[in-house]
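One-letter residues, chain by chain:
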Amino acid sequence: MPKISSKSLILLIFISIAFAISSAAFYSAIQKPLSLDETDETNMGWQWGHLGPKAFVAQEKGGLGIELSHALLYTFSHALVQLIFGGGHIPLRLYGLFHYLVSFCFLSLIICRLIPDKDHKPFAVITCGLFYFLNPLLLQHSLVVNADNNILTTAILVFLYFFVRFESTELKSPGYYRQRLILAVLLALCFWSKELTPVFLFFGLFVFRLISAKPKRVLSDLVIIGFFGFVIFAFSWWLYCVFTGTDVFGFVKFTIINKSKLAFSQNYFKGIYLKFFAGFRWPIYWVSAQFFIVLISLIFNRIKYFMKNKSLQITDLFLFTGLSIWLPYQFFKPSIDMMKYQYPAYPLFIIFIVYFLTKPGFELWRKIRSGHLIVGLVLLWLLSLHYYVLGDYILNLWQPLSNHLNNHFFIYYFLPSLLVVGIVCLFSSKAKIFSNCLISLSLCVLPVNAGLLLNQAKAEYSTVEIWGNYGESGLAEAINYLSASVTPGSIISVRKDINYYLQYRAKIKLAKNIDPRLILSLKDENASSMLFSKIRIDYLVIDKMTRFISPSPVILSLIGSNFVLDKKAGDFYIYKNKRLYDL
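This structure is a prediction, so every number in the text was calculated from the model and none was measured. (Residues numbered from 1 in each chain as written. Predicted model: local features only at pLDDT ≥ 70, side-chain atom pairs only at ≥ 80, totals over all residues. Heavy atoms only, no water.)

Turning to a nonpolar patch on the surface, a few remarks are in order. Judged by side-chain polarity, L181, V185, L219, L222, V223, F227, F228, F230, V231 and I232 come together as a nonpolar surface patch covering roughly 840 Å² of accessible area. The set of elements that each furnish at least two residues to the nonpolar patch consists of α8 (176–193) and α10 (215–244). For the nonpolar patch, the element with the most residues is α10, which contributes eight residues. Take F228: it is sitting in helix α10. (Patch = residues over 30% accessible without salt bridge, like charges linked within 9 Å, V, L, I, M, F, W, Y side chains within 5 Å. Areas by Shrake-Rupley, 256 points an atom, 1.4 Å probe, with all protein chains shown as cover. Salt bridge = Lys/Arg side-chain N within 4 Å of Asp/Glu carboxyl O. Helix = DSSP H or I, 4+ residues; strand = E, 2+ residues; numbered from the N terminus.)

Printed below as a string of structure tokens:
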């Protein structure tokens, strides 16, 4: 039996600790019920499983037709999971975990293709794994029932893997155009996963080609990959629509026509302006500020390299494609629920960062002694404990910036990393100072993320934001209480995730469900009276997001005269109609 070196044993212990933290966070997140937009996706999969491929045809009144919002590969695969394993939240969250693991496999394959030295490859894969599995944004959002962070990310990484694999093929080689057609099919698969982000992906690829100054490859990629990829998707989509009678432009109307009106309205641009700087806080602290500092430092280093050599490397493709996905969502959707849209960019950033850290990191690994490694491992664990004690600071992002200054959050968050980098600068030679600082700052990413993941693992509240419901508690309790209380034929006013659990999981046939936001936003006294006297709502549930609406005094008076607070479940207030107490 081969003897394991002390350095390898220390590394194994470190990886085991990281795996335990990641596993605890996964286990906790998988147990949480589906919420808000997740149930829309689940409901689509459930109905497709029962109605078949014609589920998106406009149904007669009272039918089970579904609104077509995006391309359907995600819905099809989700429906298959529900048919085989059932529609509970655990199989659906495990479906996300499956894509998370598959995506890591392709991330590892890509980094191994990029790095020529065989001795460096295992080190690079381990580094990728630590960045990937200890990334709170990737881990938590991988379990959200949504295409962007599941099948779309997998499709993008598959496309980029084969792009890198085919990159060495010369333009005049016999297999060159066949390889471009394979890439066109894979791009079509990306469009089938979700229609908008692949446009950003291809734009990044196209810009990379232009700056690389390879005009023939620009033309072949634009025509064969881009044009034919879109044609393959459009033609296959048209065939599906002809076969099923589905509206060919269904998701185009939903995404481009309907949403573009909002995205380019004056009020929307005003909102972007007002939330511009605040919007950056969410991705920065989800992924860690240290991660972004490393990324930005490498970007400036690559700009310096380009100015000197007037050339790019294939590795720069992952920077261009990552930024082309990240920037549009950051600037045009700077809201707290944008992380699931930015999600595919982060594996690309990880590839870019790890590539440039591998060589200096491996050299440092070979030279470092076991005693120093033990000290480093203890230091990383103490830093993780520090960030664990600091708490779940994602909750603090709801607070004004002034609160962070008053409670010295920035000092507690940044000071440990500054001290580590300062010590490294003090003992580094001038030639090694940049690489050593990047390595030390990259190591600081791990305890920052580990501390946040540990807090999220123990949390009894939502640890993702769908509409900004991060930190919301009591959803499961509210669902269980209403499932036992609501009777068939009732008219209720609950948000859509509770309605999903009542109608599709508890199998309660409700007469009607009215969005509580609609009730609280009513202003007209006659309409309000009619709503409460003629429709006769049995249960009204006010939740964390609904409470952001400031109801008129008339609505508050009508709620007070018609309802009694029957149950408080965390952030959910369940009101019961007074007349039900007389029955």
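Now that the structure has been shown, we can carry on.
Counted under the stated rule, the structure contains 50 aromatic pairs. Pairing W192 with F233 gives two aromatic rings, centres 5.8 Å apart and planes at 85°, and the pair type is edge-to-face. With W192 in helix α8 and F233 in helix α10, the pair connects residues that are 41 residues apart, well separated along the chain. No difference in accessibility class separates W192 from F233, as the two residues are buried. An angle of 20° between the planes, with centres 6.3 Å apart, marks the rings of F410 and F414 as stacked. Of this pair, F410 and F414 both sit in helix α20 (residues 409–427), four residues apart, roughly one helical turn. The exposure class assigned to F414 is partly exposed, which follows from its relative accessible area of 25%. Pairwise contacts between aromatic rings join F131, F280, F291, F292, W326, F331, Y346 and F349 into one cluster. The ring of Y305 is capped by R302, whose NZ or CZ atom sits 4.3 Å from the centre of that ring. (Phe/Tyr/Trp six-rings, centres within 6.5 Å; stacked < 30°, edge-to-face > 60°. Buried < 20%, exposed > 50% of the residue type's maximum accessible area, 1.4 Å probe, protein only. Lys NZ or Arg CZ within 6 Å of the ring centre and 35° of its normal.)

Grouped together as the largest cluster of nonpolar side chains are 121 residues, with contacts concentrated most on F159, F291 and F318. Non-local contacts of F318, meaning those with residues more than four positions away in its chain, are made with I110, L114, L160, V164, L348, I351 and F352. If you look at the next biggest cluster of nonpolar residues, it comprises 29 residues, including Y74, I151, F572 and L580. (Core = buried A, V, L, I, M, F, W, Y, C linked by side-chain atoms within 4.5 Å. Contact = heavy atoms within 4.5 Å.)

With a phi close to 105°, S288 is a non-glycine residue in the positive phi region. Take S288: it is sitting in the loop between α13 (276–287) and α14 (289–309). Residue classification places S288 among the buried residues on the basis of a relative accessible area of 0%.

What follows concerns the side chain of R209. Mapped onto the elements, R209 comes out in helix α9 (residues 197–212). Among residues more than four places away in sequence, those in contact with R209 are F163, E167, R180, K214, R217, V218 and D221.

Moving on, we come to the pairing of strand β3 (residues 539–542). Across the two faces of β3 the burial is the same, with Y539 and V541 and L540 and I542 all buried. Relative to β3, strand β1 (residues 491–493) runs parallel, the two being bridged by two bridges. Its bridge partner lying in β3, I492 is registered against Y539. Bridge count between β3 and strand β5 (residues 572–577): four bridges; the pairing is antiparallel. Its bridge partner being in β5, L540 is matched across the sheet by Y575. (Pairing = 2+ DSSP bridges.)

Turning to the packing of helix α1 (residues 6–31) against helix α5 (residues 120–133), a few remarks are in order. When two helices pack together, their arrangement is given by the angle between the helix axes and by the axis-to-axis distance. With their axes 10 Å apart at the nearest point, α1 and α5 run at an angle of 30° to one another. When the interaxial angle is binned, α1 and α5 end up roughly parallel. The hand of the α1/α5 crossing is left-handed. Counting all contacts with α1, which are made through L11, F14, I15, A18, S22 and F26, the residues of α5 involved are I126, L130 and F133. Class assignment for the residues of the contact of α1 with α5 results in eight nonpolar, one polar and no charged. (Axes fitted to C-alpha atoms, helices over the stretch in contact; angles between N-to-C directions. Parallel < 35°, antiparallel > 145°, perpendicular 65-115°, else oblique. Left-handed = near helix turned anticlockwise from the far one by under 90°. Nonpolar A, V, L, I, M, F, W, Y, C, P; charged D, E, K, R; others polar.)

Where charged atoms from two side chains of opposite charge approach closely, those side chains can pair. The tally for this structure, following the rule as stated, stands at 17 salt bridges. The partner of R495 in a salt bridge is D497, with the nearest N and O atoms 2.8 Å apart. The salt bridge partner of D538 is R579, with a shortest N-O separation of 2.3 Å. With a gap of 41 residues between them, D538 in the loop between α25 (525–533) and β3 and R579 in the segment after β5 connect regions that are remote in the sequence. For R579, a relative accessible area of 24% gives the class partly exposed.

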